[in-house]
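# Fold and contact review
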Amino acid sequence: MIAGIIAAVVVVLLVIVYISAYNGLIKGRTYVQESWSQIDVQLKRRNDLIPNLIETVKGYSHYEQSTLEKVVGLRSQLINGPADDHQKTMAVSDQLSNSLKSIFAVSEAYPDLKADKEYVKLMEELTNTENKIAYSRQLYNSSVASFNMKIQSFPSNIVASIHHFKISEYLQVPEEEKATPKVSFDK
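These numbers were taken from a predicted model, which means no experiment stands behind them. (Residues numbered from 1 in each chain as written. Predicted model: local features only at pLDDT ≥ 70, side-chain atom pairs only at ≥ 80, totals over all residues. Heavy atoms only, no water.)

## Topic: the pattern of salt bridges
Spelled out, the test is: A pair is scored as a salt bridge if a Lys or Arg side-chain nitrogen falls within 4 Å of a carboxyl oxygen belonging to Asp or Glu. The way it works is that DSSP assigns letters per residue, a run of H or I at least four long becomes a helix, a run of E at least two long becomes a strand, and they are numbered from the N terminus.
What the rule picks out here adds up to four salt bridges. With a closest N to O distance of 2.8 Å, Lys 44 and Asp 48 form a salt bridge. Of this pair, Lys 44 and Asp 48 are both found in helix α1 (residues 2–58), four residues apart, which corresponds to roughly one turn of the helix. Measuring nitrogen to oxygen at the nearest pair gives 2.7 Å for the salt bridge that ties Glu 130 to Arg 46. Taken together, the residues span a long stretch of sequence, with Glu 130 in helix α5 (residues 117–152) and Arg 46 in helix α1 at a distance of 84 residues.

Written as structure tokens, this is what we have:
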């Protein structure tokens, strides 16, 4: 009788541990998906701001057509790209960010553009959005780290393998952005 009660308690405890581990994995996967969704929201916001910025800059800079065309092309690539390929999406996003820096530089050559209130407002919004994208990337990688730890830790690793949970990939910084910038004060 006592052995039956002990066996029942052990089985109940194992079921509770199993359910808890499974729910923890589901919660972790949901956090990863939600944090990627935050990146998507910010990328969409930036994509919505770009046409207004392009039109504002076009009025001032007739000579910067190739830069504007590159930004428009990358924006289209980002909108039409595969939604499930996070690394490719972020690679195109990084290229777009670099191209937007070129537009920021264009404003230096056109003082009237720098004084345009609409341009200044758009630049502030784009800068804020770029910061939000960076924060969202950090949140995504943090969520991935937490989720991956659950997949690799005992006893949830057993539950993860039974239910085919897979390790998520971190968003990587492109190698060219890791390089130390060269600063020179020589004239």
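## Considerations on the packing of aromatic side chains
Quick reminder of the rule: Aromatic rings from Phe, Tyr and Trp, with only the six-membered ring used for Trp, were paired whenever their centres fell within 6.5 Å, and each pair was classed as stacked if the ring planes differed by under 30 degrees, edge-to-face if by over 60, and tilted otherwise. Buried, partly exposed and exposed residues are distinguished by accessible area as a fraction of the type maximum, computed with a 1.4 Å probe on protein chains only: under 20%, between the cut-offs, and over 50%, respectively.
Within the structure shown, the criterion is met by three aromatic pairs. Ring geometry for Trp 36 against Tyr 140: centres 5.7 Å apart, planes inclined by 70°, an arrangement best described as edge-to-face. Placement of the pair is Trp 36 in helix α1 and Tyr 140 in helix α5, with a sequence separation of 104 residues. Tyr 140 gets classed as buried once you look at its relative accessible area, which sits at 3%. Ring centres of Phe 147 and Phe 165 lie 6.3 Å apart, and the angle between their planes is 65°; on these two criteria the pair is classed as edge-to-face. With Phe 147 in helix α5 and Phe 165 in the loop between α6 (156–162) and α7 (175–178), this pair connects stretches of sequence that are 18 residues apart.

## Here we look at the nonpolar core
Stated formally: The definition of a nonpolar core used throughout is a set of buried Ala, Val, Leu, Ile, Met, Phe, Trp, Tyr and Cys residues joined through side-chain atoms within 4.5 Å. Residue contacts follow a heavy-atom distance rule, with two residues in contact if any of their heavy atoms lie within 4.5 Å.
Membership of the largest hydrophobic core comes to 33 residues, with the highest contact counts inside it found for Leu 53, Leu 100 and Ile 103. Taken together, the elements giving at least two residues each to this core come down to α1, α2 (65–80), α3 (86–109), α5 and α6. For this core, the element with the most residues is α1, which contributes 11 residues. Ignoring any residue separated from it by four or fewer positions in sequence, one finds Ile 103 in contact with Leu 53, Ile 54, Val 57, Thr 67, Leu 68, Val 71 and Tyr 119.

## Some points on unusual backbone geometry
For the peptide bond that leads from Phe 154 to Pro 155, omega is 0°, which places it in the cis range. Backbone geometry places His 164, a non-glycine residue, at a positive phi of 60°. By relative accessible area, which is 60% here, His 164 ends up exposed.

## Section: a nonpolar patch on the surface
Formally: Note on patches: the residues involved have over 30% relative accessible area and no salt bridge, like charges join within 9 Å, and the nonpolar side chains Val, Leu, Ile, Met, Phe, Trp and Tyr join within 5 Å. Only the protein chains shown count as cover for residues, and all accessible areas are computed by the Shrake-Rupley method using a 1.4 Å probe.
A surface patch of nonpolar side chains, about 660 Å² in accessible area, is lined by Val 11, Val 15, Tyr 18, Ile 19, Phe 154, Ile 158 and Ile 162. Mapped by element, the contributors of at least two residues to the nonpolar patch are α1 and α6. Broken down by element, the residue count for the nonpolar patch peaks at four residues, all from α1. Looking at where Phe 154 falls in the secondary structure, it is placed in the loop between α5 and α6.

Read these as spatial facts, not as claims about activity.
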